[in-house]
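Fold and contact review
As a plain string of letters, each chain reads:
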Amino acid sequence: MISSAISIPLQPVHVARDQHPISRKDISPNALRVLYRLREGGYASYLVGGAVRDLLVGGNPKDYDVATDATPEQVKQLFRNCRLIGRRFRLAHVVYGREIIEVATFRANSDDGSGDRELEDGRLVRDNVYGTIEDDAVRRDFTANALYYTVEDFSVRDFVGGFEDVQNRVLRLIGDPETRYREDPVRMLRAVRLAAKLGFSIAPSAAEPIPRLAPLLDGAASARLFDECLKMFLTGHAERSFLGLEAHGLLPALFPQATQALARAGEATRAMVLAALENTDHRVAEERPVTPAFLLAALLWPAYSEEVEALLAQGLDPAVAQQRAADRVIVQQAQRVTLPRRFSLAMEEIWLLQARFGQRQRKRVFRLLAHPRFRAAYDFLELRAIQNPALLPEVAFWREAQIVPAEQLAEKLAPVRKGNKAAVQPDAPPVGDGATLASVKKRRRRRRPHPAGNPET
Ligand code: ATP
Ligand code: MG
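Just so we're clear, the structure is a prediction, and the values are computed from it rather than from any experiment. (Residues numbered from 1 in each chain as written. Chains lettered and ligands numbered in written order. Predicted model: local features only at pLDDT ≥ 70, side-chain atom pairs only at ≥ 80, totals over all residues. Heavy atoms only, no water.)

**What about the site of ligand 1?**
What counts is decided by this rule: Consider each residue's heavy atoms; a residue with any of them within 4 Å of a molecule or strand counts as near. A 3.5 Å cut-off defines polar contacts: any pair of N or O atoms within that distance qualifies, except that in protein one atom must be a possible hydrogen donor and the other a possible acceptor, and neighbouring residues in sequence count only when both atoms are side-chain atoms. Using a 1.4 Å probe, accessible areas were evaluated by the Shrake-Rupley method; residue-level cover was limited to the displayed protein chains.
The local shell around ligand 1 holds 18 residues, among which Arg53, Lys62, Asp184, Arg193 and Lys197 are the closest. Asn145 places a main-chain nitrogen or oxygen 3.0 Å from an oxygen atom of ligand 1. A distance of 2.8 Å separates an oxygen atom of ligand 1 from a polar side-chain atom of Arg193. Within the complex, the protein chains bury 84% of what would otherwise be the 580 Å² of accessible surface of ligand 1.

**Here we look at helix H13 (residues 256–265)**
Threshold: To sort residues, take the accessible area from a 1.4 Å probe on protein chains only and compare it with the maximum for the residue type: under 20% means buried, over 50% means exposed, and anything in between is partly exposed. Only DSSP runs of H or I covering at least 4 residues are called helices, and only runs of E covering at least 2 are called strands; the numbering of each starts at the N terminus. Two residues form a contact once any of their heavy atoms are found within 4.5 Å.
Among the residues of H13, those classed as buried are Gln257, Ala258, Thr259, Ala261 and Leu262. In this fold, the buried residues of H13 make contact with helix H11 (238–247), helix H12 (251–254), helix H14 (267–285), helix H15 (292–299), helix H16 (301–313) and helix H17 (318–336). Positioned one or two residues after H13, Gly266 has a phi angle of 95°, which is positive.

**Looking at the pairing of strand E4 (residues 82–85)**
Put simply, the rule reads: One bridge is not enough; two strands pair if DSSP finds at least two bridges between them.
Pairing between E4 and strand E5 (residues 91–96): four bridges, direction antiparallel. Among the inter-strand pairings, Cys82 is bridged to a residue of E5, identified as Val94.

**Description of unusual backbone geometry**
For residues that are not glycine, phi is negative in most cases, and the peptide bond is trans in most cases. Even without a glycine there, the phi angle at Phe154 is positive, about 60°. Position of Phe154 relative to the elements: it lies in the loop between strand E11 (147–149) and strand E12 (156–158). The class for Phe154 is partly exposed, based on a relative accessible area of 21%. Here the phi dihedral of Arg169 falls at roughly 50°; this positive angle occurs in a residue that is not glycine. For Arg169, the location among the structural elements is in the loop between helix H5 (162–167) and strand E13 (170–171).

**Section: the packing of H14 against helix H20 (residues 374–387)**
Under the convention used in this document: Orientation is described by axes fitted as lines to C-alpha atoms, over the contacting stretch for helices, and by angles from 0 to 180 degrees between their N-to-C directions. Take the far helix as your reference; a near helix turned counterclockwise from it by less than a right angle gives a left-handed crossing, and one turned clockwise gives a right-handed crossing.
Look at H14 against H20: their axes get within 7 Å of each other, and the N-to-C directions meet at 145°. The two elements H14 and H20 meet at a crossing, and its hand is right-handed. Facing H14, whose interface residues are Ala268, Thr269, Ala271, Met272, Ala275 and Ala276, H20 presents Phe380, Leu383, Arg384, Ile386 and Gln387.

**Side note on the packing of aromatic side chains**
For the record, the criterion: Pairing of aromatic rings covers Phe, Tyr and the six-membered ring of Trp, with a centre-to-centre limit of 6.5 Å; geometry is then stacked below 30 degrees between planes, edge-to-face above 60, and tilted otherwise.
Under the criterion given, the structure shown has 15 aromatic pairs. Seen in terms of ring centroids, Tyr46 and Phe106 are 6.2 Å apart; in terms of plane orientation they differ by 45°. Their pairing is tilted. Here Tyr46 is found in strand E2 (residues 45–48), whereas its partner Phe106 is found in the loop between strand E6 (99–105) and strand E7 (107–108), with 60 residues between them in sequence. Both rings, one in Phe374 and one in Trp398, keep their centres 5.9 Å apart while their planes meet at 50°; by these two values the pair is tilted. Placement of Phe374 in helix H20 and of Trp398 in helix H21 (residues 392–403) is noted, with a sequence separation of 24 residues between them. Among the residues examined, Trp398 registers a relative accessible area of 0% and is labelled buried.

**Re the side chain of Thr143**
Mapped onto the elements of the fold, Thr143 is located in the loop between helix H4 (133–138) and E11. A residue is classified by how much of its surface remains accessible, and Thr143, at 2% relative accessible area, is buried. Discounting chain neighbours no more than four positions away, the residues touching Thr143 are Val160, Gly161, Gly162, Asp165, Arg172, Leu173 and Ile174.

**Quick notes on the nonpolar core**
Formally: Only buried Ala, Val, Leu, Ile, Met, Phe, Trp, Tyr and Cys residues count toward a nonpolar core, and they belong to the same one when joined by side-chain atoms within 4.5 Å. Delimitation of the domains relies on an automatic or database domain assignment.
Counting 100 residues, the largest nonpolar core has Leu47, Phe233, Phe255, Trp351 and Phe380 as the members making the most contacts within it. Here this core gets eight residues from one element, more than from any other, and that element is helix H7 (residues 186–198). Counting the residues that make up this core, at least three belong to each of domain 1 (11–168) and domain 2 (260–416). With near-sequence residues (within four places) excluded, Trp351 lies in contact with Ala297, Leu300, Trp301, Tyr304, Ala326, Val329, Ile330 and Phe380. Core analysis: the second largest hydrophobic core is formed by 19 residues, Val365, Leu368, Phe374 and Phe397 among them.

**Focus on the sheet that holds strand E3 (residues 65–68)**
Reading across the sheet, the eight strands line up as E1-E12-E11-E2-E3-E6-E5-E4 and stay open at both edges, with mixed pairing between neighbours. For this open sheet the edge positions go to strand E1 (13–15) and E4, each flanked by a neighbour on one side alone. Neighbour-to-neighbour, the strand axes of the sheet open up by a mean angle of 30°, direction not taken into account. Relative to E3, E2 is paired through four bridges, and the arrangement is antiparallel. The residue of E3 that forms the bridge with Tyr46 is Ala67.

**Digging into H16**
Selection rule: The length a helix should cover is 1.5 Å for every residue beyond the first.
Counted at 1.5 Å a residue, the expected span for H16 with its 13 residues is 18 Å, and the 18 Å between its end C-alpha atoms agrees. Of the residues making up H16, those classed as buried are Trp301, Pro302, Ala303, Tyr304, Glu307, Val308 and Leu311. Considering only its buried residues, H16 is in contact with H13, H14, H15, H17, helix H18 (341–354) and H20. One or two residues past the end of H16 sits Gly315, with phi positive at roughly 90°.

**Observations concerning empty space enclosed by the protein**
Stated formally: Whether a set of points on the 1 Å grid over the protein atoms alone is a cavity depends on a 1.4 Å probe fitting there but being unable to get out, while an open set qualifies as a pocket with protein on both sides within 12 Å along at least five of seven lines; lining residues are those with an atom within 4 Å of a point. Grid points are joined across faces, edges and corners, and a volume is the space filled by probe spheres set on the points.
Counted under the stated rule, the structure contains three cavities of 30 Å³ or more. As a volume, the largest cavity reaches approximately 60 Å³. Lining the largest cavity we find Phe226, Cys229, Leu230, Phe233, Leu234, Pro292, Leu295 and Leu296. Secondary-structure elements contributing two or more residues to the lining of the largest cavity are helix H10 (222–233) and H15.

**Considerations on the pattern of salt bridges**
Note the threshold: The salt bridge definition used is simple: a Lys or Arg side-chain nitrogen within 4 Å of an Asp or Glu carboxyl oxygen.
One pass over the structure, following the stated rule, counts 25 salt bridges. Across the pair Arg212 and Glu178 runs a salt bridge whose closest N-O atoms are separated by 2.9 Å. Of this pair, Arg212 sits in helix H9 (residues 209–213) while Glu178 sits in helix H6 (residues 177–183), and the two are 34 residues apart along the sequence. Look at Arg212 and you get partly exposed, because its relative accessible area is 44%. Between Glu400 and Lys412 there is a salt bridge; the shortest N-O distance is 3.3 Å. Of the two residues, Glu400 sits in helix H21 while Lys412 sits in helix H22 (residues 406–412), which places them twelve residues apart along the sequence. For Lys412, a relative accessible area of 56% puts it in the exposed group. Overlapping salt bridges bring together Glu178, Arg182, Glu208 and Arg212 as one network.

And the structure:
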């Protein structure tokens, strides 16, 4: 076991109430309840972490963390609505309806010889020791994340120079940057994510090691990387996160195949990916729903397109090439970042449906319009038109097809030629309403099932 106690000079500062902008009216009433109850119980209690940082810059914290010197069991005794979670390091969750206030006992980062803190190759694998508030501060990642707000005198307590860094809007690691990244490489992603979220800069000392140490992310748990991706890409700052990942050499660590394909694909493809990110940010700003599937479909599209091209060059049938390319890209990507099946399936459907936008035969058009993934696939087609303006007529056709009455659309379209086997898609869902579609349904019922893998185009 290697010891890596962080020894940094502590300069405890009390920032008095009149020196900072945090007002109780901006804090969740439930978080305040927890702070006061702990205090009345005779314990130290502080709001800490992202909430204090966000409040200092006028933001709206999405969750509240409380730090205390009470043990989890002691916390549980104070709150009826409290449950303890975690096996190794226990945390108390105080539950108010849908809001959970997380209460953690001050934790130390130093090795006390008990074996409760372990490093493997410099990487933190267990982190289990209770400590003082100073210990708790220095084990955190950035100085801006290590500020403590107390209802005792409404001051902010700062042991690591975080208050000044927040004023200067800079993210600075506590302690030696390289050591802290080696302990937990995900901190590199957090630096980029928080800089994107808050509009902070990354201190040169914290930015410098990132491109060098980026390969350490290979060893990070893929589920954790997926969580970080969600926070980076689905909370309103996707474009800035992407540009940050790129600028700091972290993109290949998350999307190895896609990064290479993107570099080879040229500016138009990059513009498409950026448009997808921007699009997602707009939707978040408008509080419309967003799904990782759509964004991942865009990020990985250059890799998918390359695979399709390579397989077509080997002489594969287009439908087979598309299916195989999708499978390959997904399998490769999932080795790095967990891809829950519901998202990878949706992503694959978005890709495979692209090949069906060229069709103009009546039944096929109606089938595609009725596909549950049609809307996402159509939005994706619009994106692709940024990359390839030759698709604009297709975009126009399908935009209109969604608005005009079914009868009118049916009249304009050619019926499927007799004897054209591929005309009816075996995997397509039943078509929706409309008199012109009744015959489609009737024939579908009579049909025997097609063998699996029937080409779609
Ligand atoms: P946000 O909630 O906006 O994503 P946050 O800073 O609150 O940002 P959380 O993951 O909620 O991020 O973590 C809460 C706090 O826990 C952080 O502010 C930081 O003090 C500490 N922390 C989180 N992750 C790490 C880490 N990898 N290393 C050290 N400290 C961490
Ligand atoms: Mg948080």
